[in-house]
Structures are given as structure tokens and as C-alpha cells.
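Structural description and commentary
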Amino acid sequence: MLRTSPRGYLLDRRVVDVDVHRFGEHATAGWQAWDRGDPRQALAEFDAGLALWRGQAYAEVATATYVVPEVARLEELQLSVVEARCAALLAVGAHEAVAELEAFIQAHPLREYGCELLSLALYRAGRQAEALGVLRTIQKRLAEELGIDPRPSLQHLEREILNQAPALDWRPATGGQSLTVAGGPVRAPQPHASDPPPAPVAAGEAFVGRGGALRQLGEALAGAAGGRGRVVAVSGEPGIGKTSLLRRFAGQAGVPVLWGTCPEHVDAPPLWLWEQVLRAAGARFPQRRVPAPVAELLDSEAQPAADGTDMAGATLRRFEAIVHYLTEAAQAGPLVVVLDHLHRADASSLRLLAHLAESVPASRLLLAVAYRSGEAAPLSEALAALARTGMTRLELDGLNAQETQALARAILRRDVTMSAAEALWARTDGNPFFLRELIRSSSGGQRQDQPHTVPVPVPVREVVLRRVARLPQAAAEVLAVAAIAGRHFDIAVVAGAASVEIEAALEALDAAVAAGLIVEDPRRLGWFRFAHALTAEALYETTGRLRRARLHRRIGAAAARAWAGTPERAAEIARHWLLAAELDPSAAAQASTHAAAAARVADARLAFDEAAALWRQALAAADLAERADLDRYPLLTGLGTSLYRAGDTRAGLSAFVQVMEEILGVRGEPDTSRLVTAAVTALSELSWYPVDRDEVDDRLVDVLERALVRVTDPVRRALVLSCLAVARYHDGDPVRRAELSDEALALVRHAPDDAALLHVLHLRAVALDGPDHHDERLQAATEMLALPGLPPSMAVRARQFRAQVLVAVGSVPEAAAELDLAARLADEECSTVDRHSPTKWGSARFNRVFQRWEAAYLDGAGAGLADELRAVTESSGLPALQGILATALGEAGQVHDARVALRRLPHRAKDHLWLYTNCWALLAAARLGETALAARLRDQLLPYRHLTCSALDLAIISGPVAYFTAEAALALDDPAAALADLEIAADLARRMGAQPWLDRVREVAVLEPGVLI
């Protein structure tokens, strides 16, 4: 790629694709196509070449002596290609050639060929007088400024126009590709007959059209007022008027409107969108009590939650509190909630939106969201949730010609002709932002009745750069730094980054404010914002990458000083440092430090997905820092913890395994304290272990076994043994897991360390999952509760473990009492208790399937679920579904498919799903006449007849195991065994309080004469 030369380095163009060369190739290809009479192909090549241009050629070194000639050559080549493109447009009959040529000549008035093309284009557009005016203007300029006459072709063209020569008329091309541009005058769409005629409004509140969209919003509001809440999604391209539409509607609604919006250029704190809505609700309904979880969200002084807290539970309670707060506020009358710029929303805000969507239809809420249609990919899940409510979609298009005319009248405060409006429309396709830029530009110095002459280059970035270039140099320099800071910026931070005094920065910004490029934030003293996001984007993109990175570093340093002690700004500080991380190891180290600080803030706000992303960025920056003294341990453990709390257990476990591997990989003696802490944290954060095996499970077992060799302290060894007992969940050897746990418990009992004992007992309860160790689990949980100073999170878990065992043995009322105690403790501790559930959305779906199956089976309607169970089983691959699928297929008469499902039943270790899976498989085998399988499964289940058929970690409870073994005994023609099993089943069903299962046991007993249950 780079080759050395006597004077430095050369870029090998045989290896690297350089846009300068590609531009020249497209230009050459375009002229070749033109020469062979194919203007359409020429137009395509010229367009492709010009699309490669981004600002000035070699912008960062354009003033270097050896570069200046090349820059001049390229700029001349670009102008020639622009003229050639316009010639191709004329050749294919494209009407927009007039507008483009007028802008081109406005910027380059002495280009003779351009003037010739413009004159011809105007003549073909029926504007003969203007065509002659162009020719006479260039003649005058050449004579006055250069003292020369125009070239002969210009003089010839003037004579031809005066004579109205037929040769000047446009004729369709006969060769080349099919036309892609209409051959004839392009007319703007006419207004729909159903739209109300637009009326001029004040310049600051200019709004026209959108009659249909406003009617749909009004109908949605009427539905909400009648108790049928509605959701409306407004989408479209940037600048299309989504916000203006919703503001117009809000002003006409006549009901309270709560507004939240996402900033375009900065990373807002998690749930920032909803903070705005909730603050507006508090101001609008001061008499209504703000729930505690909502108040905590709005409290900027809120402290981070302690380790081991119920993160998912607290998040859900906060979401529920917000939903109830808003829906109750709407009880007295309809309430509108507007979420603007949703495409910039953080993941937590989107999850809350999806959660709220479920409650909208039964409320008096109108929820209106607006987003950019081209940036909707991150919104797919949220939009799917909204769609289930019967959402109304409003995709906004450009204004039509009549609406464009009304908008121009409103802004300019004078009459505007339809021809001028159509010229505006032709330049913008009715995009309101582009229109406003053109109209406002035409209000100063331009001919207001000819907006097509306003020099607004495409894309809009060039308009912004033209306006910025007219500012004093000091203002342009400060504005360039502000654009790197973001659309909303703190003048103190920008001044610090620009190395100027605040007074000087304010004075410089006065010119930008006067130019309409930025405005002062009325709510936050010292804050400004760009008038439009594209202004900041244009300045940002035209700044060289190296300079941007250096400015990000200066802004990050200035922001860290200015915003010290302001945790809500931590993410923004980190963003700048991360964008500067490539500069040098020092910047990378700072980026890692600030990203970690922002991650902790996100964790404290329960925004775990954002926290995990920040931890990852902190690790990436640490890698760039290449410093041996930069500690990766807190970064990896922080990442693992955030991923756990976000529900991504697998990725979280991988992070913890990585940190343990890195500790063991250092030269010399490893830090066994950190090693053991990482292991305990990795497995104590879980009240269960991931069911599906993954390569990280093997890595975990390996690293823990290697750790055992290096750890000699008895207490630490006990902790590693306990972790290993949990990690060997997938080895199919519950006896070995029990031995490891027993050894750990024996070691820790010889040390007066209650904290270590608590961890060992907790991990024992997790490791001994399955039907063979209920007594040990119950004893471990009971001993946990007896320990002094037991943390609330562990008390909750101990109660949950006890409840699981009690349910398994049929003591359902006692289990319910344990769960009530756990719930009461969790409620008392609120957000400081860790009870985050392992059940994600997918697991919740399976739970509902299991529960529906239980109800259908007991009602004798199991056959009706056969197709659904088949689909869910095939899509999920969950082994526990094979047994109930086989039973359902058998009840539906699909005997062959039922037998196939039974054959697919995998052999699995005695984990928390083993009992449930095999009970239903046994019932299916018995009813299908699969006697060998039924006999084998019954023998395996006989030791567990006194238990319930349950999958406790999924909160699924069926009837007694003895019921299933009794059904199998009948199928195997052993009525005596069946009777014994039925008596056990009936007793257990009574203790469970499970009347439907007791009825089912009695139905089976009736089949045996003389048996009374």
C-alpha cells in the first residue's frame, strides 16, 4: 500500500482505490459516451464522478506549495464535469438543468460554456428574454472585467435565439439507455382536493398543508377521549416536517400534551426521553402524587444502587410506576404524549415505550412518536410492540406546489407567484427544511421572485458552509469547535476547547446568532444549539478526521473540568474521549477511564444495555492505550455484571471467564484474591445456571480447575470449589457436583467467616439443582436465613430456594408463604434488592405455552394445542416441550407424529427440567403403547413419586409424579402398582391444594373397579 521513495512515501495506486482516480475515470467515460452520442450514459458517468466530491480537494493540505497545482487542476476538472453534466441534462430533456445552471453561473459568472448552456436551457423552457439576458450579461462582464469579446459560439447562439431557429428545440435522444429523467417540463404535484387550502402564517410559526395528517391525529385523539387509547407513528426523511406537524397538532388539541425529544448530536443519559415527559407531567399535574420510582428517576442526586440489587425487578417496577402514573393522569381527560426524534432514543427508553404500548388501548392516552424512516432499524422491536396496538402510521411526503407557495408567502410576508413556488418545489421536492433554507436565503440580497437563482448547492451542506464562510474568522473557528461538541453545546466547554476566553467566545458567537446558525438555549444559561442539526453535521463532516479527533480530545478535557460532579454528563464526556482514543496511548487511557465512569452511571440508572456498551468501549480504549499499568479487572467485571443485569447471561459469563483467564495468565503468582472474587461474582450473581451448553461453560470449568491448583487458602479454596460445583452443571454428574459442594462446606465451616459461608451455602443451593438433593437445598437455604447480617438480596434468594423445594414436595401453601416473605422484603428494600429474573421474553413465551398446555390438558382440550406446540417446539428446540408435544399429538390422533416426537426426546442429566420432561414423556409413551419406553421411564421416576412434576426455575408446576407413574402402570397392566401410585398422587394433590389434578387422579381411579380415592 505504501512504498518508500527518496523523498518520503508513495501510495501504491495499484493496491488502493483512490477517489481522485475514480473521478477522472468517470469523467473520461462520460466524455467518451457523449462523443458516441449517448447522453444518458454520459449523464450517469458524470453523476457518479461528482458524487465522489466532498468539499475541497485535499482540504487538509490544500495550501501546501506542491499540492496547489493539483488542487487547481482538480477544481477546473470538476467545473468542466459540472458543465458537461448540464449539457447531458439538456440533451435528455431534463427540466432541472435550468435550476442547476443558474446556481452554477451564480457561483462562476465568467464560465462561458456554462452561460451558453444556461441560455439554451432558458430558451427551451420558453424564457427567451431571460436567455438573451444571460448572453448579454456575460458579454458585458467579459468586456468590463477582462477586456475581451465572448467566444463565437455565444455570438452564434444569440443570433439563433433571435431567429428562433428550430435547431435549438429539444429532440428526444435515439440511442443509449432508457431515460431516467422525464423528457419535458417537470410539474410539481397538485394539491389533493381533500386538503384544506393552506393559509399564510407568521414567519416564526410557518406551517402549511398536512390536512390529512392532522385529521388522522384528530380522529386518534377522539378515540382516546372515548377510552380507546391510540398510537400514531409519524415518519419521513430528515426535515420533512414531523416535528412541525406534531407541534401544530399539540397547539390545536385542546388537551394536555407532554413532550419528550431525543437530542440529535449527543448521547443523552438513559431514559432522558421519558424524564422530559415525566417532568412535564409533574408540572402539568402538580396535585398528583409522583410515585417513588418516578421521583428517583427525576432526582439528579440519586445515588448508584449497591451491588447485589434487584436490577431487573427495580427496572420493571419503575416501568410499571411510570405507566400507572401516565395512564392515571389521563383518567380525568385525554392526554397526549409526544416522543420526538425516536430514532435517537436509547435502548432503555425504547423498552419503556414497548412496555407502555400494552396499556395504551385501555387508556385515554394518545401516544404520538416521530422518527426518521431511514434510521428506523434500531426501532424494530419497539415499532412491533406499537403495531400490536393497531398503530396508525403517517409517512410524510414533501409539500405540493400550492403548499410551497403558502410557505414562501408566510416566511417572506409577501406574495409569491406560482412559477416561483414551482421552481422552489423543483429544487427541493417539497422538503420543508430545504424550502425554508432556500426561502430564507432568498430573503436577503437575492431576487425574491426568482428563488431558483438562489445559490443553494446540493447537498444542503454546501448552503451551511456558504453561510459559515461569511462569518468573521473568529466566529467560524468557534463554530467549528462547537460542531464537534454537538448540536447542543456548553459555551464554557467550547471556549475551553478553543483556547479562548468565554467573553471572546460569546462575542464570536454573536455573529453566528445574528446569521441564524445558532440560537441561545432559553432554559440553560450558557448553552447554545445549532438552528438545525444539518448545520452541525455539515461542519463536522468537513473537518478532517485528524483535526476532529484532536478537537474531541480538547472538548473531552474541557467538559471533564466544566462538568465535574455532574454524573448525567458522564456519557457525553466519554463520547468525546472515545472519539479521540486513536490519537495516542494517553488519550486512549483517558477514554477508558471516562467510559468506565459513564458505565457506572448507566448502571446506577438501571440502563444496563448502555452500561455494557460503555464497558466494552472502555476495554477497547484500554487495548489502544497499551499500558501495562491500566487495570482491566474492573472493566471486565463491570461488563460482566452489566450484561447479567441486562439479561445477557452468556456474554456476561464470558466476560468473567476472560478476567479469570487473564489473572491466571500473568507471569508469577496470580492475584488469588481477585481470582476468587471474580469467580464468586460470576456465579453468585446467578440464582440459576444457563441451561443451553456453550463453549464458555467448558472455559469456565477449565479456569476454575486451574484456579484450584493455585489457591491454597482454605476459605478461598472453598469458594472456588463451590463455584466449580455450579460450573459443572452440564457434565451430567450430579454426584460429583454434590461432592465438590460437600468439600467446600466442610472447609468453610472450620473458618469463622460468615460471608464466605453465605456464598458457599448460596452456591450449594444453585449447584444441587435437580430432584435428588431437595433436602440439601432446603437445609442450605434455611442456614442462609440463620446467618447474622444477611443481606436482603440473599434473604430473598434463600426464601426463593425454600419455596422451590417446598413446591417440589407438594407443600404449596408453605411455599406461597415463603414467596410472600420474599416479595415483602423486596418491596421494602425497593431498588436495593437484587431479584432480577432469569426469565427473558423468550422464556416468558415458553412459560405461557406450558401454562396453556396445563389448562388445556386438565380441561380435556389438549388436542387443540397440538399444532401450536409443534411450531413452538421446532422453533425453540427446548427438550421439555417434546414430552407434552407427544402427549398432545396422541390426543389429537396423530399417532405417527407423536411417536416421532418421543423418539426425539433427548437423554438429559437430572437437572431442573428432567422431572417435568420425563413425566409427560412417560404419559405419552403409556398412551401410545410404547411399553418398553414406558417401563423404562416409570422405573426412573418411581423414586420421585412423592414429588410434584415441576420445572421450578421456569415457575411451572404440574400434578404429582405419582399420577404419571400410575397411568403408566395401568398401561403396563399392573393395577396394584397403579393403585399404590394413585393413593400417593391423591394425597399429594390434596396437600398441593390442586383440585383439578385431584379430579384427574379420581378419573383414573374410576377405571379400576372397587378403587375409591
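Below or above, wherever it landed, is the structure these notes cover. (Residues numbered from 1 in each chain as written. Predicted model: local features only at pLDDT ≥ 70, side-chain atom pairs only at ≥ 80, totals over all residues. Heavy atoms only, no water.)

The number of helices and strands found in the protein chain is 45 helices and twelve strands. Burial analysis of the protein chain (1013 residues in total) assigns 52% to the buried set. Across the protein chain, contacts joining residues at least 24 apart in sequence account for 68% of those joining residues at least 6 apart. Surface exposure of the protein chain reaches about 45000 Å², of which carbon and sulfur atoms provide 52%. (Helix = DSSP H or I, 4+ residues; strand = E, 2+ residues; numbered from the N terminus. Buried < 20%, exposed > 50% of the residue type's maximum accessible area, 1.4 Å probe, protein only. Contact = heavy atoms within 4.5 Å. Areas by Shrake-Rupley, 256 points an atom, 1.4 Å probe, with all protein chains shown as cover.)

A cluster of like negative charges, contributed by E501, E503, E507, D510 and E520, occupies part of the molecular surface. When residues in the negative patch are grouped by element, the largest group, three residues, is from helix 21 (residues 502-514). Within the secondary structure layout, E520 lies in strand 9 (residues 518-520). Judged by its relative accessible area of 48%, E520 falls in the partly exposed class. (Patch = residues over 30% accessible without salt bridge, like charges linked within 9 Å, V, L, I, M, F, W, Y side chains within 5 Å. Salt bridge = Lys/Arg side-chain N within 4 Å of Asp/Glu carboxyl O. Lys, Arg positive; Asp, Glu negative; His and termini not counted. Charge placed at Lys NZ, Arg CZ, Asp CG, Glu CD.)

This brings us to the nonpolar core. L479, F489, F530, M660, L700 and L704 are the most contacted members of the largest nonpolar core, which totals 123 residues. A per-element tally of this core places helix 31 (residues 714-727) first, with ten residues. With residues up to four places along the chain from it excluded, the contact list for L704 reads M660, A679, L683, V720, C723, L724 and A727. Counting 60 residues, the second largest nonpolar core, distinct from the first, contains L885, C919, A924 and L947. (Core = buried A, V, L, I, M, F, W, Y, C linked by side-chain atoms within 4.5 Å.)

So, about helix 9 (residues 242-253). In a regular helix each residue adds 1.5 Å, so twelve residues correspond to 16 Å; helix 9 covers 16 Å between its end C-alpha atoms and thus fits that length. Three or more residues of helix 9 are buried, namely K242, T243, L245, L246, F249, A250 and A253. Seen end-on, helix 9 carries its buried residues on one side only, within an arc spanning 160°. Of the exposed residues in helix 9, those oriented more than 90 degrees away from the buried face are R247 and G251. (Expected span 1.5 Å × (residues − 1). Arc of directions from axis to C-beta.)

Our focus in this paragraph is the packing of helix 27 (residues 633-645) against helix 29 (residues 672-684). The contact between helix 27 and helix 29 brings their axes to 11 Å, and the two run at 10°. Taken together, helix 27 and helix 29 sit at an angle that is classed as roughly parallel. In contact with Y633, T641 and Y644 of helix 27, helix 29 contributes R674, T677, A678, T681 and A682. Within the contact of helix 27 with helix 29, the residues separate by chemical class into four nonpolar, three polar and one charged. (Axes fitted to C-alpha atoms, helices over the stretch in contact; angles between N-to-C directions. Parallel < 35°, antiparallel > 145°, perpendicular 65-115°, else oblique. Nonpolar A, V, L, I, M, F, W, Y, C, P; charged D, E, K, R; others polar.)

The axes of two packed helices give the description: the angle between them and the distance between them. Two elements in contact, helix 19 (residues 473-485) and helix 20 (residues 491-498), have axes whose closest approach is 9 Å; the angle formed by their N-to-C orientations is 120°. For the pair helix 19 and helix 20, the sense of crossing is right-handed. Counted together, V478, V481, A482 and A485 of helix 19 and V494, A497 and A498 of helix 20 form the full contact between these two elements. Considered class by class, the residues forming the contact of helix 19 with helix 20 number seven nonpolar, no polar and no charged. (Left-handed = near helix turned anticlockwise from the far one by under 90°.)

A word on the pairing of strand 3 (residues 230-236). Most of strand 3 is tucked away, with six of its seven residues classed as buried. Across seven bridges, strand 3 lies against strand 6 (residues 365-372) in parallel orientation. Its bridge partner being in strand 6, S235 is matched across the sheet by Y371. Pairing of strand 3 with strand 7 (residues 392-395), which is carried by four bridges, proceeds in the parallel orientation. (Pairing = 2+ DSSP bridges.)

What follows covers the packing of aromatic side chains. Using the criterion set out here, one finds 16 aromatic pairs in the structure. On the numbers, 5.0 Å between centres and 90° between planes, the contact of Y857 with W920 is edge-to-face. Separated by 63 residues along the polypeptide, Y857 in helix 37 (residues 841-858) and W920 in helix 41 (residues 914-928) bring together distant segments of the chain. The class for W920 is buried, based on a relative accessible area of 0%. Here the aromatic cluster, defined as three or more aromatic residues joined through ring pairs, consists of W853, Y857, Y916, W920, Y963, F964 and W997. The ring of W563 carries the charged tip of R569 above its face, separated from the ring centre by 5.3 Å. (Phe/Tyr/Trp six-rings, centres within 6.5 Å; stacked < 30°, edge-to-face > 60°. Lys NZ or Arg CZ within 6 Å of the ring centre and 35° of its normal.)

What follows concerns the side chain of T637. Relative to the assigned elements, T637 resides in helix 27. On the basis of relative accessible area, T637 is assigned to the buried category, the value being 14%. Beyond its immediate sequence surroundings of up to four residues, T637 is in contact with F656 and V659.

Quick look at empty space enclosed by the protein now. Applying the stated rule across the entire model yields five cavities of 30 Å³ or more. If you add up the space inside the second largest cavity, you get close to 80 Å³. Across the lining of the second largest cavity, the residue classes tally to seven nonpolar, two polar and two charged. (1 Å grid on protein atoms, 1.4 Å probe; cavity = no way out; pocket = protein on both sides within 12 Å on 5 of 7 lines; lining within 4 Å. Points joined across faces, edges and corners; volume = space filled by probe spheres on them.)

As a further point, take the state of the cysteines. A complete count under the given rule lists zero disulfides for this structure. Looking at the unpaired C949, the closest cysteine sulfur is the one in C919, lying at 3.8 Å. (Disulfide = S-S within 2.5 Å.)

This paragraph deals with the sheet that holds strand 10 (residues 527-530). If you walk across this open sheet you meet the three strands as 8-10-9, and the pairing is antiparallel. Two strands bound the open sheet, and with one partner strand each, they are strand 8 (488-490) and strand 9. Geometrically, the sheet is characterised by an average inter-axis angle of 30° between neighbouring strands, direction not taken into account. Here three bridges tie strand 8 to strand 10, and the two strands are oriented antiparallel to one another. If you follow F489 over to strand 10, its bridge partner there is F528. Most of the contacts of helix 19 go to strand 10, to which it runs at about 90°, and overall it touches strand 8, strand 9 and strand 10.

This part covers the pattern of salt bridges. Following the criterion strictly, the structure yields 35 salt bridges and no others. Put simply, D897 and R870 hold a salt bridge, and the shortest N to O gap is 3.3 Å. With D897 in helix 40 (residues 895-903) and R870 in helix 38 (residues 866-876), the pair connects residues that are 27 residues apart, well separated along the chain. The class for D897 is partly exposed, based on a relative accessible area of 28%. With a closest N to O distance of 3.1 Å, E891 and R927 form a salt bridge. Pair noted here: E891 is in helix 39 (residues 880-891) and R927 is in helix 41, with a separation of 36 residues, a long-range link. By relative accessible area, E891 is classed as partly exposed at 30%.

A separate point is unusual backbone geometry. Located in the positive-phi region is H341, a residue other than glycine, with phi close to 55°. Along the chain, the position of H341 falls in the loop between strand 5 (335-340) and helix 13 (347-357). Its identity is not glycine, yet S499 carries a phi of approximately 60°, on the positive side. If you trace the backbone, S499 turns up in the loop between helix 20 and helix 21.

Before going further, it helps to examine the sheet that holds strand 7. Overall, parallel pairing links the five strands, which are arranged 4-5-6-3-7 in an open sheet. The sheet is open, and its two edges are formed by strand 4 (257-261) and strand 7, each paired on a single side. The mean inter-strand angle of the sheet, taken between neighbouring strand axes irrespective of direction, is 15°. On the sheet, helix 10 (residues 272-284) packs against strand 4 and strand 5 and is oriented at approximately 155° with respect to strand 4.

A word on the environment of K140. On the secondary structure map, K140 appears in helix 6 (residues 128-146). Separated by ten residues in the primary sequence, K140 and P150 place their C-alpha atoms 9.1 Å from one another.

So, about helix 31. Counted at 1.5 Å a residue, the expected span for helix 31 with its 14 residues is 20 Å, and the 20 Å between its end C-alpha atoms agrees. Of all the 14 residues making up helix 31, eleven are buried; the element is thus mostly covered by neighbouring parts of the structure. Buried residues of helix 31: V715, A718, L719, V720, L721, S722, C723, L724, A725, V726 and A727, and no others. The inward-facing, buried residues of helix 31 abut helix 29, helix 30 (695-710), helix 32 (734-749) and helix 33 (754-767). Two or three places before V715, at the opening of helix 31, D713 has a side-chain oxygen 3.2 Å from that residue's backbone nitrogen. (Polar contact = N/O pair within 3.5 Å; in protein donor to acceptor, adjacent residues only side chain to side chain.)

The next thing to look at is the side chain of R111. As for its position among the elements, R111 is in the loop between helix 4 (97-107) and helix 5 (112-124). For R111, the contacting residues outside a window of four places in its chain are E76, L79, S80, E83, F104 and I105.

So far we have only geometry, and geometry alone does not tell us how the molecule works.
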